[in-house]
Amino acid sequence: MQRAFNTGVWHKPIRRRLSIAMLALWSAGCFLDDADCSSGDATCSIQAALAASLVPDIVFVALSGTNAFFSYNGRSWNGPIATGSPAGLADTAYGNGRYVAVGLSGSLVHSTDLVNWTVGASGTSNNLNGVTFGGGHFVATGASGTVLISFDGINWSLQSPGAAVGLTRPFYGGGLFAAAQAGASTNYFSPGGLTGTWGVSTRTVSVFGYTTAYGNNRWIFGSTGSDVEVFSSDLKTAIFASASAVGSCNGQIYFAGDRFFCTGDNGDIYYTVTGMESSWSGGALGCMTGGAGELIRGVAYSNGLYVAAGDDIANNGAICTSASGVAGSFTRVTVNATALPLSALEVHSGPLRLGFR
């Protein structure tokens with residue numbers, strides 16, 4: 001599939017005529033479906049060029065140690081790609097034209113294309129548990145009350161949530177950045193991540209591994225056990241709490257497609273009924289053996305495909321896909337061998353490109 005059309009430098013009247021031609025083709029229903037003009041057919045090439053439109057590059061990104069993998073369709077993967085990070089990476093984010101990955105000992109790397117990475121300076125040696133993008137900037141969180149913000153993914157400033165507490169992986173939703181306090185029952189949230197802007201709310205259960213995700217105008221926190229807690233979009237009102245909603249979240253919770261997922265031990269996956277965060281279903285993923293020690297480290301969704309990543313019984317990285325996202329429906333895809341488990345999986349709406357419809 002042809003992924004881009006190199007326009008070069010166009011004269012304004014030519015661009016104007018092209019826009020008119022594109023409109024005419026659209027009106028006539030002549031747009032192509034990701035036209036493949038590899039045959040060199042002139043008519044195909046002209047129509048494909050006229051049918052070009054700016055679309056974001058949707059890309060799945062997985063991490064394994066200090067390496068990165070990426071895929072545009074969830075089935076064919078590029079990697080492992082060495083990032084040069086001095087320590088293991090835990091999470092990725094994309095914004096303002098740049099991918100960022102953070103991890104142990106304040107490690108931080110960034111890239112504009114997922115192939116060429118640069119080691120950045122986070123300004124801290126504390127472990128960074130995650131990074132997210134929202135409201136025009138990045139926020140990373142970690143141990144000992146570490147909060148970092150950046151607009152470009154290169155230059156970072158140290159902020160504070162108001163206490164020297166460990167913060168788990170952050171998430172952005174409903175106009176707020178949020179993270180759970182590790183080992184306590186407190187949620188921290190802020191509209192921008194700046195010092196002095198952080199508020200708190202309280203969960204029912206105090207568990208080290210709580211993480212959070214946002215979707216359907218709700219925040220959901222999942223523990224290392226079977227605890228699931230739901231909060232309102234402003235994170236001030238507790239809506240639902242259960243110590244037996246799922247088999248285990250293993251401290252991992254995600255929003256993918258139109259529902260929440262949490263991932264347990266032995267390759268298990270649990271998910272909500274759409275719009276009903278108190279009702280969960282699940283079971284074995286379907287693409288691993290279901291043996292003890294198999295862990296899923298991420299669930300993401302794009303273009304009709306759910307993707308899960310983690311490690312198998314041999315502690316090797318495993319990536320599985322499903323059209324429905326339900327337990328038992330995932331099949332394993334082949335990626336280049338890695339002796340390390342996959343530690344994270346995200347889907348990002350990357351840079352705009354000229355694509356074909």
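Just above, that's the structure.
Residues numbered from 1 in each chain as written. Predicted model: local features only at pLDDT ≥ 70, side-chain atom pairs only at ≥ 80, totals over all residues. Heavy atoms only, no water.

**Some remarks on the nonpolar core**
Note that soluble globular proteins tend to have their nonpolar side chains buried in a common cluster. Applicable threshold: In this description, a nonpolar core means a group of buried Ala, Val, Leu, Ile, Met, Phe, Trp, Tyr and Cys residues linked to one another through side-chain atoms lying within 4.5 Å. The buried label applies to any residue whose accessible area, calculated with a 1.4 Å probe on protein chains only, is under 20% of its type's maximum; exposed applies above 50%, and partly exposed to all values in between. Think of it this way: any DSSP run of H or I at least four residues long counts as a helix, any run of E at least two long counts as a strand, and we number them from the N terminus. Whether two residues touch is decided by their heavy atoms; if any such pair falls within 4.5 Å, the residues are in contact.
Of all hydrophobic cores here, the largest spans 15 residues; its most connected members are Phe261, Ile269, Leu285, Val299 and Phe330. At the level of elements, strand E20 (253–256), strand E22 (268–273), strand E24 (295–302), strand E25 (305–311) and strand E26 (317–322) are the ones that each hand at least two residues to this core. Look past the residues within four positions of Val299 in its chain and what remains in contact with it is Tyr254, Ala256, Phe261, Thr263, Ile269, Val307, Ala308 and Leu345. In terms of nonpolar packing, the next biggest core, distinct from the first, is built from 14 residues, Val61, Tyr94, Val109 and Leu114 among them.

**Section: the environment of Ala184**
Mapping Ala184 onto the fold places it in the loop between strand E13 (176–180) and strand E14 (186–190). A relative accessible area of 15% places Ala184 in the buried class. Through-space distance from the C-alpha of Ala184 to that of Thr204 is 9.9 Å; in sequence the pair is 20 residues apart.

**As for the state of the cysteines**
Where we set the bar: Cysteine sulfur atoms that pair up within 2.5 Å are treated as a disulfide.
Throughout the structure, instances matching the rule amount to one disulfide. Across a sulfur-sulfur distance of 1.9 Å, Cys287 and Cys320 are joined as a disulfide pair. Looking along the S-S bond of the Cys287-Cys320 disulfide, the torsion reads about 85°, which is the right-handed sense. Placement of the pair is Cys287 in the loop between strand E23 (276–284) and E24 and Cys320 in strand E26, with a sequence separation of 33 residues. Neither residue differs from the other here; Cys287 and Cys320 are each classed as buried.

**Description of the side chain of Asp227**
To keep it simple, the criterion reads: Positive: Lys, Arg. Negative: Asp, Glu. His and the chain ends are not part of the count. Salt bridges are defined by distance alone: a side-chain nitrogen of Lys or Arg within 4 Å of a carboxyl oxygen of Asp or Glu.
Structurally, Asp227 is set in the loop between strand E17 (218–222) and strand E18 (228–232). In this structure Asp227 is buried but unpaired, with Arg203 as the nearest side chain of opposite charge at 9.0 Å. Every residue in contact with Asp227, bar those within four places of it in the chain, is listed here: Val205, Tyr210, Phe221, Gly222, Ser242 and Ala243.

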